[in-house]
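# Summary of the model geometry
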Amino acid sequence: MWIGSPLRGAFRLLSYVTLTLVALPIYLLAAALRIRPVIRWMPVYYHRLVCFIMGIRVRVRGTRSGTTPTLFVCNHVSYLDIEVLGGLVPGSFVAKAEVATWPFFATLAKAQRTIFIERTSGKTSASRDEMLRRLNTGDNLMLFPEGTSTDGTRVLPFRSALFGVAQLRRDDKPIVVQPVAIAYTRLDGIPLGRYWRPLFAWFGDLDLVPHLWQMTCLGETEAVVTFFPPVDIDQLGDRKKLAEFCYRQVSLGVQAANAGRDELLPRLA
């Protein structure tokens, strides 16, 4: 069923493309000149502007880790997660290798120094090594350990293999890991139920272009982002226990946001 305003959608897409065409050359020049403050913070403000253009109002619960580097692990609902999380965290994303083949969006991903993960067994170690290298140089990384996007109602079990990077030690201290939950909860102030969440959740066999067009035509969306207290592998024991702990935290955050019940959450920093 079609809902929304095509005029609103056209205006948003035009504004998005204009912003991107203006910002991208500036960012690439700063990257070529290695101007670190611009490289670190310009993507954050770009993503915030995109959220504003697309009518996404972000509500934050908890406190983002101030430690650099931090490995942020988050559930994955939609391509919108990049804008929402990227507007809150200075850092780079870890994405599946297919993203590197997408027209236009691949250019943006590469500009933000996204790490593309090959899921074949022979190439997983190379991806992990690149993550280790980037963390060791002080870059925050944002990881979606489900391995795919979902309908936004539940969280898939986290794959523990890439949590092995949390074993890296800097100055004899383990890498900080912060669980993060993202949920799209309201449209024009009205709570979204299971039936309407696919308006924002992009998963399964949904085609990207029609889904993106429908989403841009909608009204104001609320996205709830929950930052749980940071942990590290020394506290949990090993990568599998760390992955399971983060999965439970993120699942709780998604459940609480979808239900509109903050009291379900533990005390957040």
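Structure first, text after, so check above.
These remarks concern the structure in this document.

Parameters and conventions
- Residues numbered from 1 in each chain as written.
- Predicted model: local features only at pLDDT ≥ 70, side-chain atom pairs only at ≥ 80, totals over all residues.
- Heavy atoms only, no water.
- Buried < 20%, exposed > 50% of the residue type's maximum accessible area, 1.4 Å probe, protein only.
- Helix = DSSP H or I, 4+ residues; strand = E, 2+ residues; numbered from the N terminus.
- Pairing = 2+ DSSP bridges.
- Phe/Tyr/Trp six-rings, centres within 6.5 Å; stacked < 30°, edge-to-face > 60°.
- Axes fitted to C-alpha atoms, helices over the stretch in contact; angles between N-to-C directions.
- Parallel < 35°, antiparallel > 145°, perpendicular 65-115°, else oblique.
- Contact = heavy atoms within 4.5 Å.
- Nonpolar A, V, L, I, M, F, W, Y, C, P; charged D, E, K, R; others polar.
- Expected span 1.5 Å × (residues − 1).
- Bend = angle between axes of the 7 residues up to and from the residue.
- Salt bridge = Lys/Arg side-chain N within 4 Å of Asp/Glu carboxyl O.
- Polar contact = N/O pair within 3.5 Å; in protein donor to acceptor, adjacent residues only side chain to side chain.
- Patch = residues over 30% accessible without salt bridge, like charges linked within 9 Å, V, L, I, M, F, W, Y side chains within 5 Å.
- Areas by Shrake-Rupley, 256 points an atom, 1.4 Å probe, with all protein chains shown as cover.

With five of its five residues buried, strand β2 (residues 70–74) lies for the most part within the structure. A two-sided burial pattern is seen for β2, the buried positions comprising T70, F72 and C74 on one face and L71 and V73 on the other. Bridge count between β2 and strand β8 (residues 176–187): five bridges; the pairing is parallel. Along β8, the bridge assignment pairs L71 with V177. Pairing geometry for β2 and strand β5 (residues 141–143), over three bridges, is parallel. By the bridge assignment, L71 is partnered in β5 with L141.

As a further point, take the packing of aromatic side chains. Considering all chains together, one arrives at seven aromatic pairs under this definition. Arranged with centres 6.4 Å apart and planes meeting at 20 degrees, the rings of F158 and F163 form a pair that is stacked. Like F158, the residue F163 is buried in the burial classification. Between the aromatic rings of Y184 and F200, the centroid separation amounts to 6.4 Å while the plane-to-plane angle is 15 degrees, which identifies the pairing as stacked. On the criterion of sequence distance, the pair formed by Y184 in strand β8 and F200 in the loop between β9 (190–191) and α6 (208–217) is long-range, its members being 16 residues apart. Grouping aromatic residues by their ring pairs yields a cluster made of F158, F163 and Y247.

On to the packing of helix α1 (residues 6–32) against helix α2 (residues 36–53), then. With their axes 11 Å apart at the nearest point, α1 and α2 run at an angle of 180 degrees to one another. With respect to each other, α1 and α2 are oriented roughly antiparallel. Judged by residue contacts, R12, S15, Y16, L19, T20, A23, I26, Y27, A30 and A31 of α1 engage V38, I39, M42, P43, Y46, L49, V50 and I53 from α2. The residue inventory of the contact of α1 with α2, partitioned by class, reads 15 nonpolar, two polar and one charged.

Attention now moves to α2. At 3.6 residues per turn, the α-helix brings residues three or four places apart onto the same side. Over its 18 residues, α2 extends 26 Å from the first C-alpha to the last, a length consistent with the 26 Å expected when each residue adds 1.5 Å. The largest bend along α2 reaches roughly 30 degrees and is located at M42, with the proline P43 sitting one to four residues downstream. For α2, the complete set of buried residues consists of I39, P43, V44, Y46, H47, V50, C51 and I53.

Moving on: the pattern of salt bridges. It is possible for side chains bearing opposite charge to pair when their charged atoms get close. Under the defined criterion, the tally for this structure stands at 14 salt bridges. Notably, a salt bridge pairs D139 with R36, separated by 3.8 Å at the nearest N-O pair. Placement of the pair is D139 in the loop between α5 (121–136) and β5 and R36 in helix α2, with a sequence separation of 103 residues. Connected through salt bridges with shared partners, the residues R57, R59, R61, R186, E220, E222 and D262 form a single ionic network.

The subject of this paragraph is the environment of R159. Inspection of the secondary structure puts R159 in the loop between β5 and β6 (169–170). Judged by its relative accessible area of 48%, R159 is partly exposed. Taking C-alpha positions, R159 is 22 Å from A109, a pair spaced 50 residues apart along the chain.

So, about the side chain of R197. If you trace the backbone, R197 turns up in the loop between β9 and α6. Of note is the side chain of R197, whose polar atom sits 2.9 Å from the side chain of T153. Aside from chain neighbours lying at most four places away, what touches R197 is D151, G152, T153, Y184, L192 and N258.

Now for a nonpolar patch on the surface. A cluster of nonpolar side chains, contributed by L29, L33 and I35, occupies part of the molecular surface with about 290 Å² of accessible area. One can find L29 in helix α1. Judged by its relative accessible area of 53%, L29 falls in the exposed class.

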